Amino acid sequence: MSPGKQAPQEEATAPIAAGVALQAMRRRVRLSRVALWTLITAGPIALGIAITSTPTTVEAATQAPPTPSARTTATAADPAGYAQLFVSTWLRSSTDDIATAQARLAQSMAPDVELPDPAADAQPAAASVTAVRSAQRDGGAWSVTVAAQYPDGRVRYYAVPIAASRAGTSFTVTGAPAVVTGPARAEVAKSVYGVSVPEGDLSSAVGEFLAAYLTGAGEVNRYLAPGVTMRAVSPAPYTAVAVQQVAAREEEAASERVPADGTKVRVLANVAAQDTDGRWPLAYELSLTARSGRWEVSALESGAAPGGSAR
């Protein structure tokens with residue numbers, strides 16, 4: 001065939017091929033629609049089987065990466081308890097007797113850390129050891145400050161360097177403890193309980209509730225607002241409770257009469273609890289609601305920050 005005839009024939013063939021491909025694509029779309037409507041007509045079970053059997057769906061599910069929160073939780077495990085245990089065993093160890101259980105445990109937790117060498121007439125080891133602060137550093141490193149209190153009242157603070165595994169499931173003490181200054185006392189915001197509550201219905205309701213809650217004298221439920229559920233401390237830790245002072249956030253708490261139903265106040269009650277071992281000053285944050293001429297406890301909120309909002 002001559003070149004002149006071949007070129008027009010190729011030009012004519014190109015649209016025909018494109019048309020054939022377009023028709024095939026339309027046919028596949030129609031078939032897909034027919035199949036989808038068939039599955040829908042057959043019911044949800046057939047549709048579910050078709051969806052779950054699709055390879056791309058399964059592959060996408062298996063390749064889903066772990067969530068960032070899961071990774072953060074794993075790598076941010078706080079080794080405070082590990083440092084506390086190490087300092088406790090380390091203080092009770094001695095280079096003169098490395099075969100004791102305390103020495104072996106300390107060396108297993110810190111293979112490269114030397115044991116102490118206490119004098120023969122040294123004071124007894126720390127009576128209690130408590131982790132007070134943890135600071136995370138780069139590369140899985142931590143610095144944990146531990147407070148050791150001795151029988152004579154002395155307190156020493158030890159900073160312990162610790163390496164954590166990537167998963168946060170294993171730790172190693174990487175160096176000897178360092179004696180450091182303890183945490184400074186933080187500034188406390190002014191108390192939000194600025195309204196003095198006089199003796200009256202509100203303070204009586206608070207005292208009677210706390211007496212039932214801490215001594216078992218009476219039923220706790222009789223002092224609760226409708227819908228509120230609360231159990232008394234059991235076994236009862238105290239034999240008597242006396243209200244020392246009640247302060248509130250709201251001015252309505254200082255009223256001589258119980259206000260209208262639904263009025264809510266939040267109070268801080270300082271009480272003295274008595275048991276066979278002595279007298280103990282305690283403080284409780286409570287929410288109370290007025291109803292039918294009496295105050296009822298609607299929440300026990302002890303634990304909220306003095307300058308923060310009630311929970």
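This structure is a prediction, so every number in the text was calculated from the model and none was measured.

Draft legend 1. Fine view of the layout of surface pockets. Its boundaries defined by the atoms lining it, the largest pocket holds a volume of some 300 Å³. If you go around the largest pocket, you meet 15 residues; those closest to its centre are L91, P118, A122, Q123 and Y150.

Draft legend 2. Representation of helix α5 (residues 80-91) in the model. An ideal rise of 1.5 Å per residue puts 16 Å on 12 residues; α5 measures up with 17 Å between its terminal C-alpha atoms. Of the positions making up α5, those classed as buried are A80, A83, F86, V87, S88, T89, W90 and L91. Buried positions along α5 lie against α6 (101-109), β1 (128-136), β2 (141-149), β3 (155-164) and β4 (171-173).

Draft legend 3. Just the pairing of β1, in detail. With 8 bridges joining them, β1 and β2 adopt antiparallel strand pairing. The partner of Q136 across the bridge, within β2, is W142. In this antiparallel pair of consecutive strands, β1 and β2, the connection spans 4 residues, and G139 shows a positive phi of 70 degrees.

Draft legend 4. How the structure looks around the pairing of strand β7 (residues 240-248). Where strand β6 (residues 195-196) lies against β7, 2 bridges are found, and the strand directions are antiparallel. Looking at the pairing, S196 lines up with A247 of β7. Strand direction decides the pairing type here: β7 and strand β8 (residues 264-275), joined by 8 bridges, are antiparallel. Within β8, the position partnered with V243 by the bridge is V271.

Draft legend 5. Just the sheet that holds β7, in detail. Strand order in the open sheet made by the 5 strands is β6-β7-β8-β9-β10, with antiparallel pairing throughout. The open sheet has two edge strands, β6 and β10 (294-300), and neither has a second partner. Looking at chain direction, strand β9 (residues 278-291) and β10 are connected through 6 bridges and run antiparallel. Looking across to β10, one finds that A290 is bridged to W295. Across the sheet, helix α7 (residues 201-215) touches β7, β8, β9 and β10, and the angle it forms with β9 is around 125 degrees.

Scoring rules and cut-offs
- Residues numbered from 1 in each chain as written.
- Predicted model: local features only at pLDDT ≥ 70, side-chain atom pairs only at ≥ 80, totals over all residues.
- Heavy atoms only, no water.
- 1 Å grid on protein atoms, 1.4 Å probe; cavity = no way out; pocket = protein on both sides within 12 Å on 5 of 7 lines; lining within 4 Å.
- Points joined across faces, edges and corners; volume = space filled by probe spheres on them.
- Helix = DSSP H or I, 4+ residues; strand = E, 2+ residues; numbered from the N terminus.
- Expected span 1.5 Å × (residues − 1).
- Buried < 20%, exposed > 50% of the residue type's maximum accessible area, 1.4 Å probe, protein only.
- Contact = heavy atoms within 4.5 Å.
- Pairing = 2+ DSSP bridges.
- Axes fitted to C-alpha atoms, helices over the stretch in contact; angles between N-to-C directions.

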